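Take a look at the letters that make up each chain.
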Amino acid sequence: MYVLTFSLPGFSTVKKEGVELASNFTSTINADMRVGAVEETVTVAGESPVVDVQSNVKAQVLPRDILDAVPTAHTIQSVGQLVVGVTLTAPDVGGSQAMQQTYFTVHGLGAAQTSVLNDGMIINGLQGDGAIQTYFNEGTNQEMVYQTGGGNVDSPTGGVKINMVPKEGGNRFSGSLFEGYESSSLQSNNLTSHLASLGVKSVDKIGRYSDTDYTQGGPIKRDAVWFFGSVRLFTVNKPISNTYVSDGSVAGIAACQAALAGSGGALCPQGVDPQHQYSGLARITWQISPRNKLSGYYDRIHKVRGAAMNPGDDQTTSSVRWNSPLYTTNSIKYQSTVSSKLLVEGGFSSNLERYNNLYPEGIEQQWGTAAWLAGARHVDLTNSLFSKAPTSETGQYPDRYNAQAAASYVTGTHSVKFGFQDSWGLFTHNNRANADLYQNYSGGRPFSVTVLDTPIWSAERLHASLGLYGQDIWTLKRATFTIGGRWEYVSEGVVGQPEQRGRFADVPAFGDFNVPAWKTFSPRLGAVVDVFGTGKTAVRVGYNRFQAAATTTFASLFNPAQYLSTFTATWTDSNGDDIAQGAIGCVYLTAGCEINFASIPANFGVVSLAQYDPNVKRPYVDQYNLGATHELLPGVSVSADWFHNLSKQIWEQNNILRPGTFANGTVTNSSYRPVTIFSPIDGTPITMYDPIDATVSRAVQNVVTNDPNLSQVYNAFEFNMNARLPQGVRVFGGTATDRSVANTCSGAATNPNFLVNIGGVKHCDESTSGIPWRTQFKLAGTVPLPWLGVIVSGSYQALPGYILGVSALTAGGAGAPNFTDFSGRSGYWPVSSSTRYTVCPGNSASQGCVVGALVAPGLLTPLNVPIVSPDTQLTPRINQVDFSIAKRLTIGRLRLNPKVDIFNLLNSDDYFTVRSGAGVPSAFTPTATAGVSAGTYLLPGSIIQGRLLRLGAVINW
């Protein structure tokens, strides 16, 4: 809150009290002055503006009272999920996702495009082009700003921009304590008959939840030096749906899996992931002079997960132990108000996120031994069951450092800003796995193996990610114009490594090398009109270009020791010992050779299978927006916006040893033979493509380049309401409806399998697939009642179903582009050379389908045959109601708010994933009935937490 004083000789002084000025908001404050005595002062209650008539930026500001009142998990993700337009990769109910990474998406721009700042200082991580974030203590913030649209020149990316405005301490000793407690005895069971009918045996739960967050600040030297610190002790023990705890034996695992699949026997105990985060933060602020300030902080986090799991995992053998040798962020920042018009600021920040994923105790075996070969990870594609070992043991050590500075010159009608941002760092990885492969099964029968290039060590370096920017904003009468630009330079490289050998890999030693550096320019333009000149109605339009986020991912694509490179090959367990045997070069189905290496790339595990086009360019998005905001009532604003994104210079990966052409919707490629496969759902013939022979199959030399014929178009319509009313009433919410449509057909030139056409629907051209519009509705707020100091708060989220599978042209949480499922993938039917028809629906029998016959005789490479168009399969909608009631008490200097939070008030049984493998819905396994799958195809995976009560308190002093 601010007090503004207007004074002018010959006029009475006007003082406006209680003016609220939020971050990322340009306020226009007017005062009516009348002729009067110099000593006369008129004091009025200031009405805080709710319409920004100068900025094209769209942002939601959440002050401390909202953060304390509305029930959340006190993480940047759980708070951010309340913002209209924002989507998380997993919804949070009562802190159920607080210990795991969940990623933001807004306006089609995902995890890597998210910017995270503390007091304006960049603290994004290095991994995944900045997608992977550390775990911030939300209780240390005075205010949080979520920018979801528009964008000034100091925004390097176009996704959600989160700025945490920190507490700094002051001349008075003050602090806070948040305490929250949950347990299984405070939770309802939402394992409904509906879920049980879909094969769910156990649901996600909270075993025990404890959150203690203490902060304290005060003076070291009054009016000069202040301190602020916090300690957070956070524990969540979380049972995971459809997991089990076996005795580790072959028979014990089989018994647990049979019970979980509903094939008899008693259910084994449910798996539980014990997790905790302990963190400590210290901040020092030095007010060097009235115009100069220096501040810095250090935040250290210790995180442990005892048994990370997904549905279908055996905790005993396939969970992951997670620890963090070094997890820290820090910054130092200098600010100088050189004059009433000139502000200069800058500083240094870093983010170190070093962590390990380890096998359960006793699962890792000595390389090359019989136990090591027998300890391979088991994956049942039909039943989504995982056992014997996790994916791998890995260490990820990304270190990012940043420097930035800016100068702003502001007058009443004109402002200029210019500055720079730079980042650099080193990202090292190591990876190892039992048997250097996974054994894949279909309904318990050996199907294929996923061959790995482990054990491997690799590293990439970000030399520079430099942005130089300038922006000019000026107001002419009722219109404000923004013209800005951002020039960027990105340089990445691969760190040389010694020779590395594995069961299937033999990577020779190599030295450091760099990939092509990029120099790009991004215009940032906007205009805002105060329609009536009253500051109550604004119309805005903007155009902003955002380059794709870039740290080390591009370089990693071409690292000869590429982290966890894989290849899938057919496996026949000839001797029945359930161990996949064979070495590269052996003759398939001879003694000791159960893996068909005939189609494995000739250079697999030797050099990178990918190269770059020397002229490859950096992808970018052109974003357009048009909107209006109106003050409906004093303190209440409503807005409507349209966002339109066009993706440009999209990457494509071509195997230049299998050249082909794409023209008039048809692919011509002599390296492939067409294979007709009849859909087990309705008998529709599906044309897939297999290499013509083993020599062609082994010929792989992928080149990454830009394809001007690739496209992705995004549109969204949003309606928002914000209310700042007297007595502390705060309400915000609205709706967002969006859709993204891609066309990847030209990418089929060197891989015709991207050009799947089922019944006239091209999977690569989503304009023919009926991609649905997806609508969300959100409402949140807090209302102090007029009696007994009672405060009622809550939120309602009605979310569209989560898209199942892999979307076209998207990167995963780690940021790497997905060239394998380039056109996207939803439900699929895995077919190998030994797969046989069990059903011939429709008129497929007359076209050649024969029950019992091989589906694709002589198939060289196992195929994932699409049976549903990408981006069209969704989980049911998510409806989540959270409610809180608190009592305000004052005891001396203590302000005590005991509270009860109720999450998922309606005890919804909605789910947001299905039982899956490799990020896509579990495989369709045909039965003797058309359209009916065996196993867990489309059966619920992760279920939102049942109704959950949290007992807590917020204490301030």
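**Student:** Account for the sheet that holds strand β32 (residues 610–612), with residues named and values stated.
**Tutor:** Taken in spatial order, the 3 strands line up as β32-β40-β35 in an open sheet, and their pairing is mixed. Of all strands in the sheet, those bounded by a partner on one side alone are β32 and β35 (651–655). Direction aside, the axes of adjacent strands within the sheet are offset by 35 degrees on average. Both β32 and strand β40 (residues 702–706) contribute to a ladder of 3 bridges, which runs parallel. By the bridge assignment for β40, Gln-611 is matched with Val-703.

**Student:** Tell me about the packing of aromatic side chains, residues and numbers included.
**Tutor:** In the structure shown here, the tally under the stated rule is 29 aromatic pairs. Both rings, one in Tyr-401 and one in Trp-424, keep their centres 6.4 Å apart while their planes meet at 25 degrees; by these two values the pair is stacked. Of this pair, Tyr-401 sits in strand β20 (residues 393–410) while Trp-424 sits in strand β21 (residues 414–432), and the two are 23 residues apart along the sequence. The class of Tyr-401 is partly exposed, set by a relative accessible area of 25%. Accessibility expressed as a relative area gives 31% for Trp-424, which makes it partly exposed.

**Student:** How would you sum up the pairing of strand β13 (residues 225–239)? Please name residues and give values.
**Tutor:** Judged by how many residues are buried, β13 sits mostly within the fold: 11 of 15 residues are covered. The pairing of strand β12 (residues 208–221) with β13 spans 13 bridges and is classified as antiparallel. Considered in β13, the bridge of Thr-215 is made with Ser-230. Between β12 and β13, which pair antiparallel one after the other, the connecting turn spans 3 residues, and Asp-223 there sits at a positive phi close to 65 degrees. Alignment of β13 against strand β14 (residues 272–289), held across 15 bridges, turns out to be antiparallel.

**Student:** Before we move on, could you go through the sheet that holds strand β9 (residues 141–149) and cite the residues and values that matter?
**Tutor:** Strands sit in the order β4-β9-β10-β7-β8 across an open sheet of 5 strands; the sheet is mixed. Each edge of the sheet is formed by a strand with only one pairing partner; in this case those strands are β4 (58–63) and β8 (121–122). Relative to strand β10 (residues 161–166), strand β7 (residues 115–118) is paired through 4 bridges, and the arrangement is parallel. From the neighbouring strand, Asn-118 faces β10, where its bridge partner is Met-164.

**Student:** Please provide a residue-by-residue account of the nonpolar core, values included.
**Tutor:** With 27 residues, the main nonpolar core has Trp-518, Phe-554, Phe-558, Trp-651, Val-704, Leu-755 and Phe-819 as its most contacted residues. Mapped onto this core, the elements with two or more residues apiece are β25 (479–494) and α7 (553–556).

**Student:** Residue-level account of the pattern of salt bridges, with values.
**Tutor:** Counting across every chain of the model gives 27 salt bridges. Taking the shortest distance from any N to any O, the salt bridge between Lys-293 and Glu-168 comes out at 3.3 Å. Here Lys-293, found in strand β15 (residues 292–308), pairs with Glu-168, found in the loop between β10 and β11 (174–183); they are 125 residues apart in sequence, far enough to count as distant. Of the charged contacts in the structure, one is a salt bridge between Lys-899 and Asp-901, with a shortest N-O distance of 3.6 Å. What you see here is one network of salt bridges that share partners, running through Lys-58, Arg-540, Asp-641 and Glu-718.

**Student:** Kindly report on the state of the cysteines, identifying the contributing residues and their values.
**Tutor:** The final tally for this structure, using the stated rule, is 4 disulfides. The partner cysteine of Cys-256 in its disulfide is Cys-268, sulfur to sulfur 2.0 Å. In this structure the cystine formed by Cys-256 and Cys-268 twists about its S-S bond by roughly -95 degrees; its chirality is therefore left-handed. With Cys-256 in helix α4 (residues 250–260) and Cys-268 in the loop between α4 and β14, this residue pair connects regions lying 12 residues apart in the sequence. Given a relative accessible area of 4%, Cys-256 falls into the buried group. Residue classification places Cys-268 among the partly exposed residues on the basis of a relative accessible area of 21%. Residue Cys-745 pairs covalently with Cys-764 via a disulfide, S to S 2.1 Å. Given an S-S torsion of about 85 degrees, the disulfide between Cys-745 and Cys-764 has right-handed geometry. Of this pair, Cys-745 sits in the loop between β42 (729–743) and β43 (757–758) while Cys-764 sits in the loop between β44 (761–762) and β45 (774–784), and the two are 19 residues apart along the sequence. The same class applies to Cys-745 and to Cys-764, which are both buried. Once the disulfide-bonded cysteines of the protein chain are ranked by sequence position, their pairing pattern turns out to be 1-2, 3-4, 5-6, 7-8.

Conventions we followed
- Residues numbered from 1 in each chain as written.
- Predicted model: local features only at pLDDT ≥ 70, side-chain atom pairs only at ≥ 80, totals over all residues.
- Heavy atoms only, no water.
- Pairing = 2+ DSSP bridges.
- Helix = DSSP H or I, 4+ residues; strand = E, 2+ residues; numbered from the N terminus.
- Axes fitted to C-alpha atoms, helices over the stretch in contact; angles between N-to-C directions.
- Phe/Tyr/Trp six-rings, centres within 6.5 Å; stacked < 30°, edge-to-face > 60°.
- Buried < 20%, exposed > 50% of the residue type's maximum accessible area, 1.4 Å probe, protein only.
- Core = buried A, V, L, I, M, F, W, Y, C linked by side-chain atoms within 4.5 Å.
- Salt bridge = Lys/Arg side-chain N within 4 Å of Asp/Glu carboxyl O.
- Disulfide = S-S within 2.5 Å.

From the geometry alone we can't say anything about function, so treat these as descriptive.
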